[in-house]
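Chains, contacts and geometry: an overview
Read off the chains here:
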Amino acid sequence: MSTPHPEVPASGPPAQGGPDLGDPRARKALRAARASRAGRNLPAAVAVGLVLLAALLAGLFLWPLGFLLIALTAVLLGSWEVSRALEAHGTHVPIVPVMAATFAIPVAAYFGGQEAQLFTLVLGCAAVLLWQSLEHPEGAAKSVFAGVFVILWVPFLVGYAVLPLHDAPVPPGFGLWPGGVVPAGTLQLVLTLLLVVANDTFGYIVGASIGKHPMAPKISPKKSWEGFAGSAAGAIVVGILGAVLLLGRPWWFGVVLAVVMVAASTAGDLAESMVKRELGIKDMSSILPGHGGMMDRLDSILFATPAAYLVFALVPGS
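Reading guide: rules and limits
Residues numbered from 1 in each chain as written. Predicted model: local features only at pLDDT ≥ 70, side-chain atom pairs only at ≥ 80, totals over all residues. Heavy atoms only, no water. Helix = DSSP H or I, 4+ residues; strand = E, 2+ residues; numbered from the N terminus. Buried < 20%, exposed > 50% of the residue type's maximum accessible area, 1.4 Å probe, protein only. Contact = heavy atoms within 4.5 Å. Areas by Shrake-Rupley, 256 points an atom, 1.4 Å probe, with all protein chains shown as cover. Core = buried A, V, L, I, M, F, W, Y, C linked by side-chain atoms within 4.5 Å. Axes fitted to C-alpha atoms, helices over the stretch in contact; angles between N-to-C directions. Parallel < 35°, antiparallel > 145°, perpendicular 65-115°, else oblique. Left-handed = near helix turned anticlockwise from the far one by under 90°. Nonpolar A, V, L, I, M, F, W, Y, C, P; charged D, E, K, R; others polar. pLDDT = per-residue confidence, 0-100. Patch = residues over 30% accessible without salt bridge, like charges linked within 9 Å, V, L, I, M, F, W, Y side chains within 5 Å. Salt bridge = Lys/Arg side-chain N within 4 Å of Asp/Glu carboxyl O. Pairing = 2+ DSSP bridges.

This brings us to the overall build of the protein chain. Helix and strand counts for the protein chain stand at ten helices and two strands. Looking at the 318 residues of the protein chain, the share that counts as buried comes to 46%. Intrachain contacts of the protein chain at a sequence separation of at least 6 include 73% that bridge at least 24 residues. As displayed, the protein chain offers around 15400 Å² of accessible surface, 72% of which is attributable to carbon and sulfur atoms.

Let's shift gears to the nonpolar core. Formed by 43 residues in total, the largest nonpolar core has its most connected members in Phe67, Val82, Trp153 and Met295. Among the elements that make up this core, the one with the highest residue count is helix H6 (residues 140-162) (twelve residues). With near-sequence residues (within four places) excluded, Phe67 lies in contact with Leu56, Gly59, Leu60, Ala161, Val162, Leu165, Leu189 and Leu193. Counting residues in each nonpolar core, the second largest holds 15 residues, with Ala243, Val262, Ala308 and Val311 among its members.

Packing of helix H3 (residues 64-88) against helix H4 (residues 95-112) leaves a shortest axis separation of 10 Å and a crossing angle of 155 degrees. Comparing the axis directions of H3 and H4 gives the class roughly antiparallel. In this structure, H3 meets H4 at a crossing whose hand is right-handed. Taken together, the residues of H4 that come into contact with H3 (itself represented by Pro64, Leu65, Leu68, Leu72, Val75, Leu76, Ser79, Trp80 and Ser83) are Ile95, Val98, Met99, Thr102, Phe103, Pro106, Val107, Tyr110 and Phe111. Considering only residue class, the contact of H3 with H4 consists of 15 nonpolar, three polar and no charged.

Attention now goes to the confidence of the model for the protein chain. Looking at the protein chain as a whole, its pLDDT mean stands at 81, while 77% of the residues score no less than 70. No element of the protein chain has a lower mean pLDDT than helix H1 (residues 24-38), at 49, and none a higher one than H4, at 96. In this model, residues 1-21 is a region of pLDDT below 50 whose contacts with residues beyond four sequence positions or in other chains number 37 contacts. In the predicted structure, residues 32-38 sits below a pLDDT of 50 and forms 14 contacts with residues beyond four places in sequence or in another chain.

A cluster of nonpolar residues, Val237, Leu241, Val244, Leu245, Trp251, Trp252 and Val256, forms a patch on the protein surface that exposes about 730 Å² of accessible area. When residues of the nonpolar patch are traced back to their parent elements, those giving at least two are helix H8 (225-246) and helix H9 (251-279). Residue contributions to the nonpolar patch peak at four residues, all from H8. Its location among the elements puts Leu241 in helix H8. According to the relative accessible area criterion, Leu241 is partly exposed, its value standing at 47%.

Where strand S1 (residues 214-216) meets strand S2 (residues 220-224), two bridges bridge the pair, whose relative direction is antiparallel. Bridged to Ala216 within S2 is Ser220. As consecutive antiparallel partners, S1 and S2 are separated by three residues.

Across the interface, helix H7 (residues 184-210) lies against helix H10 (residues 295-314) with an axial gap of 10 Å and an inter-helix angle of 135 degrees. Compared by their axis directions, H7 and H10 come out oblique. Our pair here, H7 against H10, has a crossing hand that is right-handed. Each of Gln188, Thr192, Val196 and Asp200 in H7 lies in contact with H10, whose residues at this interface are Arg297, Ser300, Ile301, Ala304, Thr305, Ala308 and Phe312. Partitioned by chemical class, the residues of the contact of H7 with H10 number five nonpolar, four polar and two charged.

As structure tokens, this is what we get:
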């Protein structure tokens, strides 16, 4: 997901058999070298990732509207990060209609379903065009394209993360559903999120350990084919267990879903890396310790949730 850090040489001559770890400078250099290979602060990344996952699962199981609020917070931050990065690169983004559409599209998907989501998307794009024509005619075409790009990339795709909750009944108050029967859409979304986490976690572990062959060296030098294989293997295990235990579906469905999710998550990761490479930035922002910006967490989810929605629609349960 991120560009490689430069290697940090050890301070002073190393002792025979390795650096002198009693030297504070050597310890600092060793930590820097490990961070360079990992590409992020691992303890902070794990802690933030667990907190985010726990908040999402709590919202899904205890208060679905809370999940929507978390999704709205994430998508508003993501659209703001992308808009700010484009502005810094010299491309004006009509921020008012973009942020309005960013808020409205997931809300429409949650309360109105897919038709409402698509209708709000059209309204948002039209609002960008009208706003830009009234605000600043010079360079209007470039700004309109940028605004529509942000809307399509972030809030529209995030809308597919809340669509499974549209038809799900809401539990009374802050509690689990009566009888412990969780709606199918909620369980599908839980498995989708678990597969995204499995893709990222297993890919990181394997790629950081034995990754040697980059998938796209000009876009994301740290993403390797070994890491991709690790993502696939870990996601398949999670997919099989989730399909059988959570959804009551055959094991092969878990394999199909896992393969699609790994491909979509990797594509989303590479797409964001391509945008960041084009804009000349490493992270979209630094609001999440160990992760970078919100978009650096949303990148896989943006492509994965529509892919999962399509799989569940094409292969309905019995």
